[in-house]
Structure formats: C-alpha cells, structure tokens
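Below are the chains, spelled out letter by letter.
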Amino acid sequence: MKVYTIQDMENFERDENGRLICPTGDYSLIKNFGERCSFGERCSFGEQCSFGKCCSFGEQCSFGKCCSFGKCCSFGERCSFGEQCSFGKWCSFGKCCSFGEWCSFGEWCSFGKCCSFGEQCSFGKCCSFGERCNLENDLLFENIHDKIDRVLKIDRIGSRKGCTYFFKTMSEIYVRCGCFFGTIADFENKVNETHADNEQYRKEYLEAIRYVKAIL
C-alpha cells in the first residue's frame with residue numbers, strides 16, 4: 001500500500017464540492033487534513049490525526065488513537081476507531097463499525113448496523129443506533145452510570161415514527177426518544193403532557209412503556 005505524504009496531497013484533484021479526492025493508501029504520516037477531504041477504501045490514519053468538516057472516509061478505514069473529526073463526517077463500512085476518538089456533530093457511521101474505548105461522539109450521531117461499542121463510550125444527544133448493535137460491559141451512555149444490562153428498541157411509534165430505545169440497568173430503565181432522555185417514569189409523564197390532545201400517539205407510547213416494563 002502506497003504511503004502518502006502531505007506533499008502528495010497537494011497534487012490531489014478535488015471534486016465539484018472542493019473536497020480532496022484521496023486514493024486508497026496509507027496516510028499515517030499525515031497528522032492534519034484539510035476540510036472536506038475524501039479518503040479511499042482501506043485507508044490507515046496515524047495517531048492524533050485532525051480532520052476538517054465534512055470528511056468522507058472509505059470502507060475499512062483504520063483510525064489511530066486520539067483522532068478528532070469535524071462536523072458532518074461520514075464513515076464507510078467496517079471502520080475501526082482507535083481509543084479516545086472524538087467526533088463532531090452529525091457524524092454518520094457505516095455498517096459493522098468498531099469503536100475503541102472512551103470514544104466521545106457529538107450530537108445527532110447515526111450508527112450503522114452491527115456496530116460494536118468499546119467500554120465507557122460517551123455519546124451526545126439524539127444518537128441513532130443501527131440494528132444489532134453490541135453494547136459491551138461498562139458502557140457509559142449519556143448520564144447512565146450503572147452497568148447497562150439490556151437494550152430494547154421499538155420502532156415506528158408515536159409522533160416521530162422513529163426508534164425509541166429503552167436501557168435497562170440494575171436499578172432503572174432509561175429512555176432515549178428523539179431529544180428526550182430520562183427515566184421511564186419521566187418519559188411516561190412527558191408523553192402524557194406532550195400528547196394530551198392526541199390519543200393515538202399517547203396510546204402508542206404508553207403501550208410501548210407497558211410492554212417494556214413487562215419485558216425488562
């Protein structure tokens with residue numbers, strides 16, 4: 001695999017949006033990338049890289065430790081993130097991603113199918129998880145400090161017609177529904193308050209709560 005330098009990147013072409021078109025290769029010698037870069041498949045990034053906004057990474061990328069990515073990043077399938085990565089808002093991860101320990105993701109992240117999260121990850125608000133995510137032991141999600149025992153997702157209900165996630169710890173059930181995050185009791189109160197005038201949405205959420213309490 002060709003090893004690229006910052007001098008090589010100065011000769012790369014740009015797409016119609018002004019983003020660098022980076023071919024497949026090893027970019028571990030480059031510590032700082034400009035905004036709107038586009039990387040090819042199977043790239044390898046060195047430790048402590050810093051990417052600008054709107055970067056687009058190809059499939060099977062491998063990120064070093066302590067990487068810092070700007071807003072609106074889009075990662076290809078089967079990416080592998082190093083420890084202590086920090087991602088900006090509105091990141092979008094492809095299928096089968098693997099996150100290192102102590103990752104910190106910005107708000108409104110979107111994870112693809114079959115993601116695997118490292119220990120003690122901290123996610124921003126309004127994260128959306130893909131199917132068959134694997135939550136490893138001692139995951140720190142939002143302000144949950146207890147060990148997460150099980151996660152239950154209910155899709156296509158309520159006003160959002162999106163996913164609602166229920167997190168069971170040893171002592172409580174927490175809920176992520178859009179911008180709401182809190183205990184299942186707080187969620188029930190919020191549903192009754194927000195949808196007092198919409199019996200259908202209220203019924204869908206309350207029936208979901210009832211189901212979750214029976215299962216978890």
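Residues numbered from 1 in each chain as written. Predicted model: local features only at pLDDT ≥ 70, side-chain atom pairs only at ≥ 80, totals over all residues. Heavy atoms only, no water.

### Comments concerning the environment of Ser50
What counts is decided by this rule: Counting from the N terminus, the helices are DSSP H or I runs at least four residues long and the strands are E runs at least two residues long.
The residue Ser50 is located in the loop between β4 (44–45) and β5 (68–69) in this model. Along the backbone, Ser50 and Asn32 are 18 residues apart, and their C-alpha atoms lie at a distance of 5.0 Å.

### Focus on the confidence of the model for the protein
We apply this condition: As a per-residue quantity, pLDDT reports the predictor's confidence and falls between 0 and 100. What makes two residues a contact is simply this: any of their non-hydrogen atoms within 4.5 Å.
Of the residues in the protein, 59% reach a pLDDT of 70 or more, and the chain-wide mean stands at 75. Ranking the elements of the protein by mean pLDDT puts strand β10 (residues 134–135) last, at 54, and helix α2 (residues 184–194) first, at 96. In the predicted structure, residues 136–140 sits below a pLDDT of 50 and forms 21 contacts with residues beyond four places in sequence or in another chain.

### What about the sheet that holds strand β12 (residues 162–169)?
As a reminder, the rule being used: Whether two strands pair comes down to DSSP finding at least two bridges between them. The angle between two axes is taken between their N-to-C directions and runs from 0 to 180 degrees, where each axis is a line fitted to C-alpha atoms and a helix contributes only its stretch in contact.
Across the sheet, which stays open at both edges, the four strands sit in the order β11-β12-β13-β14 with antiparallel pairing between neighbours. A strand with exactly one partner marks an edge of an open sheet, and here the two such strands are β11 (148–157) and β14 (180–183). When the angles between neighbouring strand axes are averaged without regard to direction, this sheet yields 15°. The sheet contact formed by β12 and strand β13 (residues 173–177) spans five bridges and is antiparallel. What sits directly across from Thr164, in β13, is Cys177.

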